[in-house]
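What follows is each chain in one-letter form.
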Amino acid sequence: MASDARAAEDGGAPPPRPVADGFLRFLIPAPKPRPAAPTTAPARLVPPHRLVAPPPAAPALLRPEERLHIVPPTRPDWLPPPPPRQPPAPPLRSPSPWVRPRPFPPAFGEPRTRNAGRFAGQVNGARGRSPASVAHSSGGGRSGSQKPKAAAAHKEKKAWVAVEKKGEDAGDDDRAAVSEGYSCGDETGTEAEDQLEPEGEQDTGGHRRGLDREDDAKNSLDMAANQECSGGGGERPSELVCQSNQATHSRGRMGRSQVECRPDIDTFTPGLLALYESLKPSEEHKSKQKQLVDSLAKSVSKEWPNAQLHLYGSCANSFGTSHSDVDVCLEMEIGTASTVEVLLRLADVLRADNFDNVEAITSARVPIVKMSDSGSGFSCDICINNLFAVANTKLLKDYAQIDQRLLQLAFLVKHWAKLRGVNETYRGTLSSYAYVLMCINFLQLREPKILPCLQAMEQTYTMNVDGTECAYFDEVHQLQYFGAENKESIAELLWAFFHFWAFHHDYRRDVISVRTGSTISKQEKNWTTRVGNDRHLMCIEDPFETGHDLGRVVDRQTIRILREEFERAAAVLQYNDDPCVALFEPYDYEN
Ligand code: GTP
Ligand code: MG
């Protein structure tokens, strides 16, 4: 090489060299090379099989016969022998770096079919995004390959044809699903579950992330398929298809539910605990919160001197992070006035006292006045006589004192939910309160149990709210070692939590119930049909208002979003080299 360079510098032609010497045998000079030095950079070889062409300007300067002939590469002998041919890894729902493809071969030693991934368009569409953009979101919006939109639409169309046909090749799907672990969506399952959707369910589309016409079309197809499945009549072929799909789904899910946690999961515990510590509100934060509450109490007492002010929600239940709002309940006699009238009056009082952005929201299930404090940056929700919230705040606080893993788990789950955009009840995902109940119930169900069921124990505390006894065992200092037999670390529990909600929970039949410390059936709750806006697709029983389903806001679109996120989270924790980063990567709304 050095002598070639020297020759070129001298203005002479490089000396001839053996054509097939080493890997340069890929480059065979054209028949009549010009003797002058090359005017452009030579082609570079990148081992093992890529020839990097000269810059595009070069061909214009050279005559055709001056160009190098490119010979199809053969493997250079200086490379080590190729590894034995691996069976193809199961395809990912989207190619993204946070998931390592599972190393084991497809089930039954057969080549992996692509069937199980064929509904990707359906699931992706449910998020209101094209498949390409889902590839992005899977990696926090920073990975995946872009596909032309037309191709994506075509794929989605094909997916729907497949939905109609899939009974025919359910066996294929079965095996694929069992073998595929986290690598792919469980679209079959989602569809099967929608069959339980009460008749008359209308999609409310359009108000969630990026719904578009394609989604609407898919929803209609979805609904049509569901209606076909749930409709009465004899054993029509469509029913057989639906049953087959359900069986396929549950077998596929069973396969995945058997996945065991990675053996090195505990190495991530310190990182997760550090994150948990960083999320806890600082002392300064707490004192600013107190200042806000004090000035609010002052304003309120001028107008309603007998009103009692209770803090509820995360600022009082121990699950508050440094981003949490302040929730306040005013307990007062309102006489003949309606709650709404009192709230409107309260809004006037607060405006007069120079609180910022005061707004009465009177149409909500629990009407509130919202306001913010520009000094501290806090936002504050104030409700009137919502004493159930005060009671469940105490319950959550008491649970939090039994085992510190509850606080750790719930902080991480809440943080994850906020970053992944699935903590937005107005968009059909779950409230922080719902996530905390999910965490409590999950720890009640561990073996050995980490949390007891306080409402099933001797009643040492009771509060009557509108004729309902909110009673439970609140002497929690006696329960400090309740979960000691269970040695699971926070990393293990976090993975198990997501894995449970991705693959174990039976969305079709079960209601999670902190009240009973178990799961109960939708049948038992009479939550099998849609009532008004309560869809009961994902059911979380309120511990005191037992007729209240915290998952009522979840609809057919968002149940898919949630499950996709649970699956993603479980996969990140299972396979990613740095799960503490990937897990909390913010959802990318742009793509
Ligand atoms: P962050 O503010 O997100 O930190 O959590 P939070 O615990 O304050 O939860 P959120 O603001 O969602 O709810 C406030 C409180 O309202 C809860 O802690 C419950 O006590 C009470 N609550 C009762 N029913 C509901 C419900 O259906 N939805 C919500 N969001 N809250 C409810
Ligand atoms: Mg709150």
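See above for the structure.
Residues numbered from 1 in each chain as written. Chains lettered and ligands numbered in written order. Predicted model: local features only at pLDDT ≥ 70, side-chain atom pairs only at ≥ 80, totals over all residues. Heavy atoms only, no water.

Residues and numbers for the sheet that holds strand E7 (residues 356-361), please.
Pairing within the open sheet is mixed, and its five strands lie in the order E5-E6-E9-E8-E7. Taken across any chain shown, the strands that pair with only one partner, and hence form the sheet edges, are strand E5 (308-312) and E7. Each strand of the sheet is rotated relative to its neighbour by a mean of 25°, with strand direction disregarded. Along the sheet, helix H11 (residues 283-303) contacts E5, strand E6 (326-331), strand E8 (368-373) and strand E9 (378-384); its crossing angle with E9, the most-contacted strand, is approximately 40°. (Pairing = 2+ DSSP bridges. Helix = DSSP H or I, 4+ residues; strand = E, 2+ residues; numbered from the N terminus. Axes fitted to C-alpha atoms, helices over the stretch in contact; angles between N-to-C directions. Contact = heavy atoms within 4.5 Å.)

Before we move on, could you go through the site of ligand 1 and cite the residues and values that matter?
Not every one of the 19 residues close to ligand 1 is listed here, only the nearest: Ser314, Ser324, Asp325, Asn392 and Ser432. At 2.8 Å from an oxygen atom of ligand 1 is found a side-chain nitrogen or oxygen belonging to Ser314. His548 places a polar side-chain atom, nitrogen or oxygen, 2.9 Å from an oxygen atom of ligand 1. With the chains in place, 85% of the 590 Å² that ligand 1 exposes on its own is no longer accessible. When each cavity is represented as a set of grid points, ligand 1 is found to reside in the largest pocket. Broken down by secondary-structure element, the contributors of at least two residues to the shell around ligand 1 are helix H13 (387-400), helix H14 (404-419) and helix H15 (432-444). For the shell around ligand 1, the residue count by class is four nonpolar, nine polar and six charged. When residues of the shell around ligand 1 are sorted by domain, at least three fall in each of domain 1 (283-390) and domain 2 (403-583). (Near = heavy atom within 4 Å. Polar contact = N/O pair within 3.5 Å; in protein donor to acceptor, adjacent residues only side chain to side chain. Areas by Shrake-Rupley, 256 points an atom, 1.4 Å probe, with all protein chains shown as cover. 1 Å grid on protein atoms, 1.4 Å probe; cavity = no way out; pocket = protein on both sides within 12 Å on 5 of 7 lines; lining within 4 Å. Sits in = over half its atoms within 2 Å of the grid points. Nonpolar A, V, L, I, M, F, W, Y, C, P; charged D, E, K, R; others polar. Domains from an automatic or database assignment.)

Run through the coordination of the magnesium ion (ligand 2), naming residues and quoting values.
Around a metal, the perfect tetrahedron of four donors has angles of 109.5 degrees, and the perfect octahedron of six donors has angles of 90 or 180 degrees. Bound to the magnesium ion (ligand 2) on the protein side are Asp325 (OD) and Asp327 (OD), at distances that span 2.2 Å. Judged by relative accessible area, which is 23%, Asp325 ranks as partly exposed. In this structure Asp327 comes out as buried when scored by relative accessible area, which is 9%. (Donors = N, O, S within 2.8 Å, 3.2 Å for Na, K, Ca; no water. Buried < 20%, exposed > 50% of the residue type's maximum accessible area, 1.4 Å probe, protein only.)

Give a description of the pattern of salt bridges that names residues and reports values.
Going through the model one piece at a time under the given rule, you end up with 19 salt bridges. Of the charged contacts in the structure, one is a salt bridge between Arg427 and Glu424, with a shortest N-O distance of 3.4 Å. With relative accessibility at 25%, the residue Arg427 sits in the partly exposed group. The network of salt bridges with shared partners includes Lys394, Asp398 and Asp474. (Salt bridge = Lys/Arg side-chain N within 4 Å of Asp/Glu carboxyl O.)

Give a detailed account of the layout of surface pockets, specifying residues and quantitative values.
It is the rolling of a water-molecule-sized probe over the atoms that shows where space remains empty. Taken as a whole, the largest pocket holds about 1,700 Å³ of empty space. If you trace the largest pocket, you find 46 residues lining it, with Asp381, Thr425, Ser431, Ser432 and Arg552 closest to the centre. Broken down by secondary-structure element, the contributors of at least two residues to the lining of the largest pocket are E8, E9, H13, H14 and H15. The dominant element in the lining of the largest pocket, judged by the number of residues it contributes, is H13, at five residues. (Points joined across faces, edges and corners; volume = space filled by probe spheres on them.)

If you had to explain the sheet that holds strand E14 (residues 539-541) to someone new, which residues and values would you point to?
The strand order across the open sheet formed by three strands is E13-E12-E14, and the pairing between neighbours is mixed. A strand with exactly one partner marks an edge of an open sheet, and here the two such strands are strand E13 (518-521) and E14. Each adjacent strand pair in this sheet contributes to an overall mean axis angle of 35°, direction not counted. Pairing of strand E12 (residues 510-513) with E13 involves four bridges; the strand directions are antiparallel. Pairing of Val511 across the sheet is with Ile520, part of E13. Strands in contact with H15 are E12, E13 and E14; relative to E12, the strand with the most contacts, it is inclined by about 90°.

I'd like a description of the packing of aromatic side chains, backed by residues and values.
Given two aromatic rings, one states the distance between the centres and the angle between the planes to describe the pair. Within the structure shown, the criterion is met by 14 aromatic pairs. With a centroid separation of 5.8 Å and 20° between ring planes, the pair formed by Trp416 and Phe566 is classed as stacked. Of this pair, Trp416 sits in helix H14 while Phe566 is found in helix H18 (residues 556-575), placing the two residues 150 residues apart along the sequence. Comparing Trp416 with Phe566 shows no difference in burial state: the two are buried. Look at Trp501 and Phe566: their rings are 6.1 Å apart centre to centre, the planes differ by 40°, and that puts the pair in the tilted class. In this pair, Trp501 sits in helix H16 (residues 490-504) while Phe566 sits in helix H18, placing the two residues 65 residues apart along the sequence. For Trp501, a relative accessible area of 1% translates into the label buried. (Phe/Tyr/Trp six-rings, centres within 6.5 Å; stacked < 30°, edge-to-face > 60°.)

Quick rundown of the nonpolar core? Include the residues and the values.
If you look at the biggest cluster of nonpolar residues, it comprises 86 residues, and the most contacted ones within it are Trp416, Met438, Phe498, Met538 and Phe566. Of all the elements, H16 adds the most residues to this core, at twelve residues. Structurally, this core is a two-domain feature, drawing no fewer than three residues from each of domain 1 (283-390) and domain 2 (403-583). Setting aside residues up to four positions removed in sequence, Trp416 forms contacts with Val422, Tyr435, Phe498, Glu565, Phe566, Ala569, Leu583 and Phe584. Core analysis: the next-biggest nonpolar cluster, separate from the first, contains 23 residues, Leu296, Met332, Leu346 and Val358 among them. (Core = buried A, V, L, I, M, F, W, Y, C linked by side-chain atoms within 4.5 Å.)

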